[in-house]
Amino acid sequence: MAIMKKFLISFVIALILLFGAAHYTLANTPQVNNDFKTYMAHASKAFAAKDYNTAIINFKKAIQINPNNYGAYCILGMSYGYLGKAKEAEETLILATKKFPNEWVAYTFLGDIKRAQGLTPLAVDYYDKAIKLPSLSETKKTEIQKLKEACIEEQKVREANIKAPAGEWIKVEDPNWKRAYFKGNDKHWLMTYGCNGEDVVNYKWTKILTIGFYDKNTYNYTPDTVYSKLEQLSRQSAKQLGGELIIQKLSSNENEVLYMSKVTGHGQSTICRIFKGTKGVYITTFEHKKPTFTVEEKADAINILKSIKEIQ
């Protein structure tokens, strides 16, 4: 998450040390104490060196010993963020706000994540929560106020640059699905749909529909080249999650690729349809929080994906 500011990164390194002492209240043996300090030291060093995978492993081990270390939660969340794992980052930081509701750092990082996603109202809300906390110094309050103002200005620029709503030439006809998120322009965009009012933005969903678009004049992709790229990225992601990618092509031709995939131990499974339209290539994905699809669920998901077409 390149949008996170350097002044916060330097602050959090000190935060680890501060809360390592202030919130380490468990009655442990000297050996457990030493283990905790060792994991924190390894994690902090890895984070400073931008080795976020190693940082995550060690911060998680430290938290297992002491689940009351605010700094560890904050930097664990940041580490996930820098790896592009927004879901894990948000879950970790939200947990930090629940355990330490009067501390401001996690709220600020959550604001940074939402700002990077282009979700300005949510970003502003998190920044406001941080600003209002008494734990925030006047200096930091001024800095976070500037982040908030910059976020608002970025939204104004985005709105001014959009001459026509991108993606309006393709829609999901099923009335149970509502658009919940959009980011991009008429050359490349990504939008998500939630079903029956589920909270897609905050990951409180049981199933989700995602549509991505690449303009043919800008990217010149084919469905098969997109499939190859997605397979490679999915294998990398599965490795980071500690699982194995299981992927199966259901059908394939020069205009369309349909496949199923899941990561073992992850509890979610996906059916994806990549197809070529007159404007470019579309990636349509149906995902639900179940490890597999039943025969009926598979047929329903494919029908939904097949119903997504360009509107001429």
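These numbers were taken from a predicted model, which means no experiment stands behind them. (Residues numbered from 1 in each chain as written. Predicted model: local features only at pLDDT ≥ 70, side-chain atom pairs only at ≥ 80, totals over all residues. Heavy atoms only, no water.)

The strands that make up a sheet are held in pairs by hydrogen bonds between backbone atoms, and each pair lies either parallel or antiparallel. Taking strand neighbours across the sheet as the criterion, the seven strands line up as 2-3-4-8-7-6-5 in an open arrangement whose pairing is antiparallel. Of all the strands in the sheet, just strand 2 (177-184) and strand 5 (245-253) have a single pairing partner and so form its edges. The mean angle between the axes of side-by-side strands here comes to 15°, regardless of whether they run parallel or antiparallel. Where strand 3 (residues 188-195) lies against strand 4 (residues 207-215), seven bridges are found, and the strand directions are antiparallel. Bridged to methionine 191 within strand 4 is isoleucine 211. (Pairing = 2+ DSSP bridges. Helix = DSSP H or I, 4+ residues; strand = E, 2+ residues; numbered from the N terminus. Axes fitted to C-alpha atoms, helices over the stretch in contact; angles between N-to-C directions.)

Moving on to the pattern of salt bridges. The tally for this structure, following the rule as stated, stands at 11 salt bridges. The salt bridge partner of aspartate 125 is lysine 129, with a shortest N-O separation of 3.5 Å. Placement of the pair is aspartate 125 and lysine 129 together in helix 7 (residues 120-131), with a separation of four residues, close to one helical turn. Lysine 129 sits in the partly exposed class, given a relative accessible area of 39%. (Salt bridge = Lys/Arg side-chain N within 4 Å of Asp/Glu carboxyl O. Buried < 20%, exposed > 50% of the residue type's maximum accessible area, 1.4 Å probe, protein only.)

This paragraph deals with the pairing of strand 8 (residues 280-288). Within strand 8, nine of the nine residues are buried, leaving the element largely enclosed by the surrounding structure. As judged from the nine bridges shared by strand 4 and strand 8, these two strands associate in the antiparallel manner. In the strand pairing of strand 8, leucine 209 is matched with phenylalanine 286. In terms of strand pairing, strand 7 (residues 269-276) meets strand 8 through eight bridges, oriented antiparallel. Its bridge partner lying in strand 8, serine 269 is registered against histidine 288.

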